Amino acid sequence: MPNAAAAEPIVQFRSDGLGLSPAAYARLIAEIAETRGIAEDEYSRSGVVAELEARLAALLGKEAAVFMPTGTLANHLALRLLARNGRRVLVQRESHLFNDEGDCAQQLSGLNLVPLAPGRATFTPAEVIAEINGPPEARVAVPVGAISIETPVRRMAGEAFDFEEMRRISGLAREHGIGLHLDGARLLIESVYTGITPAEYAALFDTVYVSLYKYLNAAAGAVLAGPRVLLDGLYHQRRMFGGGLPHVWPYAAVALHYLEGFAERFRDAAAASEKLCDALRDDPRVTVIRPPRATNVTIVQITGKAAQGLPERLLAHGVAIRPARRILPDGAEFALHANETILRRPIDETIRVFAEALG
């Protein structure tokens, strides 16, 4: 990891990535330019962008990849490509696509999102079959054109979609000629926790998107990967939707930089986070919640006065957490997001800071 990033020693549990400041980002860009060089792109094509696309395509086991300025556009364009045999798209009720993308697929592409599994990360093959078959009294067939799966699911505190169910759903979709898209914004993180490689996940889908900013620390950006026959020429649609940015090398160069060795570093971060969780479990006022398919988000419930002002007390000692996500009758609930900043200090020191802040 470069010295530019190390200039910010704070340990933060607020996000999936380092949370680089503008000053640290600028120093890092200068360092990359001086040490390995940065080949400029032209309207989000060629140069370091092409290098990043090739690296991620290989990592995901896909033939091609295309830079996108946002994950919203990556998801949207993937569904436009895949929903060829029907305008209905099955999605999770708790997914980013259904809740946080401004109904773009409906408004701009005439797709009809059908939400499944409210309050759950995983929907089942039975739910998919029910939507494919439709109600028995239906007079008009309304075919399902695509299925989109997000994993891990941000709105479910980073819980992963059940992989065996994912495999079964993929098989069903193949049998029925239904397109498959993976919203894998945080897929590289999930892979660390499950031991399933990004390529093994991606093999179940036609297209897959990964984020460049959430944990690869670019200021913005995403990459959509898939078969060449689908993605060749996609930059035309990207530009049609306003996504053909003139220069995105500052994003691609940083993402490419942090992609190198990411899995190894995040495994170390996950191990350190588990040590912190074990220490917190020893405090009778603290309840640590990690479902069976949890990834890098841990829910911590704290009772009594220890919950009051906890973020401020931690920050005074260089540890940052988000404000309480919920106020409980006898305390508060916090979400701790593990990321590489936990490696900036010995974990025993971070554990001590938490212990002192809890009082």
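Keep in mind that what you see is a predicted model, and the values were worked out from it rather than measured.

### A look at the overall build of the protein
Here comes step 1: When helices and strands are counted, the protein shows 16 helices and 13 strands.
Here comes step 2: Since a compact globule built from 359 residues should have a radius of gyration of about 21 Å, the 21 Å found for the protein is in line with a globular shape.
Here comes step 3: For the protein, the spread of C-alpha atoms along the three principal axes comes to 65 × 55 × 30 Å.
Here comes step 4: Across the 359 residues of the protein, 54% fall into the buried class.
Here comes step 5: Here the contacts in the protein between residues at least 6 apart in sequence split such that 75% fall between residues at least 24 apart.

### Focus: the sheet that holds strand β2 (residues 64–68)
Here comes step 1: Across the sheet, 7 strands lie side by side as β2-β8-β7-β6-β5-β3-β4; this open sheet has mixed pairing. Looking at the sheet topology across the chains shown, the edges are occupied by β2 and β4 (112–116). The mean inter-strand angle of the sheet, taken between neighbouring strand axes irrespective of direction, is 20°.
Here comes step 2: Pairing analysis gives 5 bridges linking strand β5 (residues 144–150) to strand β6 (residues 179–183), with the strands arranged parallel. Considered in β6, the bridge of glutamate 150 is made with aspartate 183.
Here comes step 3: Strand contacts of helix α4 (residues 71–82): β2, β3 (88–92), β4, β5, β6, β7 (207–211) and β8 (222–226), with the helix running at about 170° to β6, the strand carrying the most contacts.

### Examining the confidence of the model for the protein
Here comes step 1: Taken residue by residue, the protein gives an average pLDDT of 96. The fraction at 70 or more is 98%.
Here comes step 2: This stretch, residues 1–7, has a pLDDT under 50; its non-local contacts, to residues over four places away or in other chains, come to 18 contacts.

### A few points about the packing of helix α14 (residues 262–281) against helix α16 (residues 347–358)
Here comes step 1: α16 packs onto α14 with a crossing angle of 30° between their chain directions and a minimal axis gap of 10 Å. The interaxial crossing formed by α14 with α16 has right-handed handedness. Residue-level inspection shows Ala272, Lys275, Leu276, Ala279 and Leu280 of α14 in contact with α16, the latter providing Ile347, Ile351, Phe354 and Leu358.

### Description of the pattern of salt bridges
Here comes step 1: One pass over the full model with this rule turns up 20 salt bridges.
Here comes step 2: Glutamate 274 serves as the salt-bridge partner of arginine 281, at 3.3 Å between the closest nitrogen and oxygen.
Here comes step 3: The partly exposed category is assigned to glutamate 274, whose relative accessible area is 32%.
Here comes step 4: Of the charged contacts in the structure, one is a salt bridge between glutamate 333 and arginine 325, with a shortest N-O distance of 2.6 Å.
Here comes step 5: Several salt bridges converge on common partners, so that one network encompasses Asp100, Arg154 and Arg155.

### Side note on unusual backbone geometry
Here comes step 1: A cis geometry characterises the amide bond from threonine 151 onward to proline 152, with omega recorded as -10°.
Here comes step 2: Mapped onto the fold, proline 152 is located in the loop between β5 and α8 (163–176).
Here comes step 3: A positive phi angle is found at tyrosine 43, which is not glycine, with a value near 50°.
Here comes step 4: Phi angles above zero are rare outside glycine, and serine 46 is one such case at about 70°.
Here comes step 5: Residue position: serine 46 is located in the loop between α2 (22–35) and α3 (47–60).

### What about α16?
Here comes step 1: With 12 residues, α16 extends 17 Å from end C-alpha to end C-alpha; this agrees with the ideal 16 Å at 1.5 Å per step.
Here comes step 2: Turning to α16, its buried residues number three or more, namely Ile347, Thr350, Ile351, Val353, Phe354, Ala357 and Leu358. Across the axial projection of α16, the buried residues extend over an arc of 155°, all falling on one side.

Rules and cut-offs
Residues numbered from 1 in each chain as written. Predicted model: local features only at pLDDT ≥ 70, side-chain atom pairs only at ≥ 80, totals over all residues. Heavy atoms only, no water. Helix = DSSP H or I, 4+ residues; strand = E, 2+ residues; numbered from the N terminus. Rg over C-alpha atoms; globule rule 2.2 N^0.38 Å. Buried < 20%, exposed > 50% of the residue type's maximum accessible area, 1.4 Å probe, protein only. Contact = heavy atoms within 4.5 Å. Pairing = 2+ DSSP bridges. Axes fitted to C-alpha atoms, helices over the stretch in contact; angles between N-to-C directions. pLDDT = per-residue confidence, 0-100. Left-handed = near helix turned anticlockwise from the far one by under 90°. Salt bridge = Lys/Arg side-chain N within 4 Å of Asp/Glu carboxyl O. Expected span 1.5 Å × (residues − 1). Arc of directions from axis to C-beta.

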